[in-house]
Amino acid sequence: MDSDSEGDVVVEVDEAAGPSEEPTEAEDVESELLPAENRKSAVWTYFGFRKGPDGKAIDHERATCRKCKKQYYAKGGNTSNLFKHLQANHPQEYGQVKESKGKQRVTAAPKKKAATPGSSGKQPTLTSFSKYSREDRRWKTLTDRVTYCLAKDILPVYSVEKHGMKEMLRAFDPRYELPGRKYFTKKAMPKLYNETREKVEEAMETDMTFFSATSDLWSSRKMEPYMSFSVHYIDTEWTLTTHCLETVFIPEDHTAINLTGALREVMQDWSLPMEKLVTITTDNAGNIRNAVTELGVPHVSCFGHNLNLAVTKSWKDDPRVTRAVGVCKNIVSQFSHSWHKRRELIRFQEELGMKKQSLITVSHFPHFQKGEGGGGNDIATLSCTFRNIRVNVILFFLSFQENATRWGSRQAMIHRLLELEEPVRRTLAMDARASHLLPTWQDKDVLESMDKALTPVAKFTDLISGEEHVTSSTILPTLALFETDTMAAKEGDTNLTTEMKRKMLTDIRGRYEGKGFTNLLECASFLDARYKADYMDDARVEVVKAKLAEEGAKAITDKAPNPDTCEAAPQDQPHSEDTSNKRKFGDMLAKAKKRGRPATGAEGQPLSPADILNREIESYLALETIAWESDPLAWWKGQAQNFPWLALLARKYLCICGSSAASERLFSTAGDIVSATRNRLKPEKVRMFTFLAKNLK
């Protein structure tokens with residue numbers, strides 16, 4: 001569409017409006033000009049384009065007057081110059097063009113839509129509309145989505161005041177005006193927290209028959225102490241569900257009495273019934289362990305923490321390990337601080353046809369993590385000569401930065417260095433200043449012995465630390481596997497490997513044998529269809545069976561709510577007159593099955609609650625165990641109707657957490673919230689933001 005200085009006008013040119021008296025010369029000129037195609041302005045009646053030898057326009061940006069042959073610049077169809085020419089040189093034609101424009105406006109006026117307020121008569125655009133009111137449903141929806149994004153993705157609230165965020169949302173919907181961060185901090189976030197909390201409370205009230213908990217202590221970047229509390233239960237669909245309920249600020253001394261009070265306040269605040277709480281899983285810290293005992297709840301020791309202590313004690317105070325690990329750290333440090341060595345390492349891997357990999361470093365800054373030991377290199381610094389002081393000081397800082405409670409980081413570092421031994425050796429040999437870092441054959445033997453002892457154990461940490469699958473039932477089978485295979489002495493093991501295995505097995509076995517919570521783990525393993533009684537001796541099996549029979553009988557006597565026996569009454573369905581007698585008889589049998597009838601013994605007498613449980617237990621044991629890769633909860637979902645009271649106990653014991661990894665993950669999230677740029681957050685905000693990040697779906 002063409003435009004002119006007086007606005008875009010669409011007209012139909014009346015041939016009678018053109019000049020009626022023209023000389024013959026003008027007719028010749030007109031025959032030499034091509035009409036302006038797709039130009040609808042009336043002014044183009046008196047202008048055209050010169051025709052070339054090929055019959056096409058020579059230049060579409062220069063228009064020629066049909067009256068006087070003068071040319072004028074008309075780039076892009078602009079008609080300003082053309083109107084001025086007619087007004088100055090051809091006033092009669094100019095008047096006819098103006099008259100034609102006026103008639104077109106009058107004719108087209110009724111067809112025009114009403115202009116929006118503030119418009120200039122042109123077609124309205126989105127930007128010309130007014131902003132959404134805060135009471136508008138669209139504004140509320142967009143604001144809720146922004147709030148969800150901030151909470152779920154752990155974005156700083158001040159992101160809403162950044163230019164990029166504003167421009168992005170303006171591009172999505174120009175009518176939406178983003179509120180400031182005070183609105184999100186004081187209104188939107190608390191509103192989302194309350195809504196999410198109500199959903200969590202409703203889910204627990206509806207689906208939670210029994211639950212276990214995990215708890216741990218942590219210090220933020222600001223050295224503010226917090227205690228976490230998460231609950232775990234099996235819902236009515238036999239899905240293991242986790243809710244991270246609290247990140248409690250505890251400024252008082254972390255004595256057992258104070259921690260007990262904090263745990264009790266959490267239970268009361270969330271209206272959690274003590275009779276439904278099975279266990280609380282924590283690490284081995286004496287204060288939190290005593291706090292759980294003081295609360296009157298069985299305590300389960302974290303498997304991951306126990307395994308970490310067993311592994312670290314297997315190499316503790318061994319000078320061979322201290323030296324070899326120190327050499328390993330020095331080598332990794334060289335590659336961590338030199339892009340040149342990293343480049344050469346990749347090049348040598350390509351030459352050797354190896355997969356491209358980088359060395360794994362444990363040199364990172366954890367958020368003031370707790371743990372035992374630090375590597376043992378700091379004391380050796382004082383007795384070294386001046387030439388070696390620099391190296392040992394580096395060892396000291398690397399040892400300090402290593403996360404001692406995560407032995408897997410050391411194992412991964414050693415394993416990767418052994419994998420890349422040849423390209424690492426070639427890379428270091430290129431630098432005379434780093435050639436002294438090459439490990440000796442004794443160091444290599446020590447590292448290989450450690451790797452052989454630790455690598456098979458590493459996979460069990462992730463196995464017992466999951467939140468979406470059953471973990472407590474796997475602990476006893478894992479200990480049995482340690483004793484018979486993983487930590488057993490094998491042919492070809494070096495003395496160091498054998499000694500490390502022996503120390504690990506002795507330590508971790510001592511952390512479970514004879515403990516009060518071992519009986520809980522036995523019940524969990526018994527009710528896992530993958531294991532049942534396979535990993536217990538006959539005496540312990542009888543103890544577990546007696547315990548389960550007693551608890552199940554008490555549940556029957558107390559008429560405890562059992563979701564696996566509570567079914568809606570069947571509704572009569574209308575049938576057509578030609579329904580077969582077989583169909584009717586089947587419906588009658590179904591109704592009788594739904595109503596149920598009391599179990600009877602050989603003489604027709606009703607069975608006692610204990611007999612009912614013993615029958616379920618024996619029938620349960622008569623079935624074959626399922627594959628190890630199978631999901632025991634899926635098995636129980638299909639078999640709950642056959643073993644309703646045993647299924648109730650399965651909900652109780654299979655929800656126990658084998659480790660406190662849920663609390664560790666919660667603190668990892670909290671560490672991302674209390675970041676370097678958000679270290680002034682108040683504890684109440686940390687609690688709210690952490691809850692939202694972990695519980696929003």
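**Some thoughts on the overall build of the chain**
Secondary structure summary: the chain contains 25 helices and nine strands in total. Relative to its 697 residues, the chain shows a buried fraction of 44%. The long-range fraction of contacts in the chain, counting pairs at least 24 apart against all pairs at least 6 apart in sequence, stands at 69%. Summing over all exposed atoms, the chain offers an accessible surface of approximately 38600 Å²; the carbon and sulfur share of this is 51%.

**A short note on the pattern of salt bridges**
Under the criterion given, the structure shown has 42 salt bridges. The partner of K140 in a salt bridge is E135, and the shortest N-O contact between them spans 3.9 Å. Residue K140 is classed as partly exposed on the basis of its relative accessible area of 39%. Classification of E135 as exposed rests on a relative accessible area of 62%. Here R426 and E422 are joined by a salt bridge, their closest N and O atoms 3.1 Å apart. Note that R426 and E422 are positioned in helix 14 (residues 421–429) at a spacing of four residues, about one turn of the helix. Residue class for E422 comes out partly exposed when judged on its relative accessible area of 36%. Salt bridges sharing common partners tie together R343, E344, R347 and E351.

**Here we look at the packing of aromatic side chains**
Tallied over the entire structure, the rule returns 23 aromatic pairs. Plain terms: the ring middles of F460 and F482 are 4.9 Å apart, the flat faces sit at 85° to each other, and that makes the pair edge-to-face. Taken together, the positions of F460 in helix 15 (residues 441–464) and F482 in helix 16 (residues 475–486) put the pair 22 residues apart, joining distant regions of the chain. Assigned by exposure class, F460 and F482 land together as buried. Residues W635 and F643 carry aromatic rings whose centres are separated by 6.4 Å and whose planes lie at 15° to one another, so their mutual orientation is stacked. A relative accessible area of 14% places W635 in the buried class.

**Thoughts on the sheet that holds strand 4 (residues 71–73)**
On the basis of which strands lie adjacent, the open sheet formed by four strands has the order 1-2-3-4 and antiparallel pairing. For this open sheet the edge positions go to strand 1 (33–35) and strand 4, each flanked by a neighbour on one side alone. Direction aside, neighbouring strands of the sheet carry axes that sit 50° apart on average. By the bridge criterion, three bridges tie strand 3 (residues 62–65) to strand 4 in an arrangement that is antiparallel. In the sheet register, A63 faces strand 4, and the bridge partner there is Y72. Lying on the sheet, helix 2 (residues 80–89) is in contact with strand 2 (47–50), strand 3 and strand 4; it crosses strand 4 at an angle near 140°.

**Re the pairing of strand 7 (residues 240–249)**
Burial of strand 7 is extensive: nine of the ten residues sit out of reach of the surface. Counted between consecutive antiparallel strands, the loop separating strand 6 (residues 225–234) from strand 7 contains five residues, among which W238 sits at a positive phi close to 60°.

**So, the pairing of strand 3**
As paired elements, strand 2 and strand 3 share two bridges and run antiparallel to each other. Note on strand 3: the bridge partner recorded for G48 is T64. With antiparallel pairing between neighbouring strands as the criterion, strand 3 and strand 4 make up a hairpin whose turn holds five residues, including K69 at a positive phi of roughly 65°.

**Some remarks on the packing of helix 7 (residues 256–269) against helix 8 (residues 286–295)**
One way to put it is that helix 7 packs onto helix 8 with a least axis distance of 8 Å and a crossing angle of 55°. Between helix 7 and helix 8, the angle is such that the two are oblique. Crossing of helix 7 over helix 8 shows right-handed handedness. Side by side, helix 7 and helix 8 meet where A256, L259, T260, L263 and R264 of the first sit next to N287, I288, N290, A291, V292, E294 and L295 of the second. The residue inventory of the contact of helix 7 with helix 8, partitioned by class, reads seven nonpolar, three polar and two charged.

The rules behind each value
Residues numbered from 1 in each chain as written. Predicted model: local features only at pLDDT ≥ 70, side-chain atom pairs only at ≥ 80, totals over all residues. Heavy atoms only, no water. Helix = DSSP H or I, 4+ residues; strand = E, 2+ residues; numbered from the N terminus. Buried < 20%, exposed > 50% of the residue type's maximum accessible area, 1.4 Å probe, protein only. Contact = heavy atoms within 4.5 Å. Areas by Shrake-Rupley, 256 points an atom, 1.4 Å probe, with all protein chains shown as cover. Salt bridge = Lys/Arg side-chain N within 4 Å of Asp/Glu carboxyl O. Phe/Tyr/Trp six-rings, centres within 6.5 Å; stacked < 30°, edge-to-face > 60°. Pairing = 2+ DSSP bridges. Axes fitted to C-alpha atoms, helices over the stretch in contact; angles between N-to-C directions. Parallel < 35°, antiparallel > 145°, perpendicular 65-115°, else oblique. Left-handed = near helix turned anticlockwise from the far one by under 90°. Nonpolar A, V, L, I, M, F, W, Y, C, P; charged D, E, K, R; others polar.

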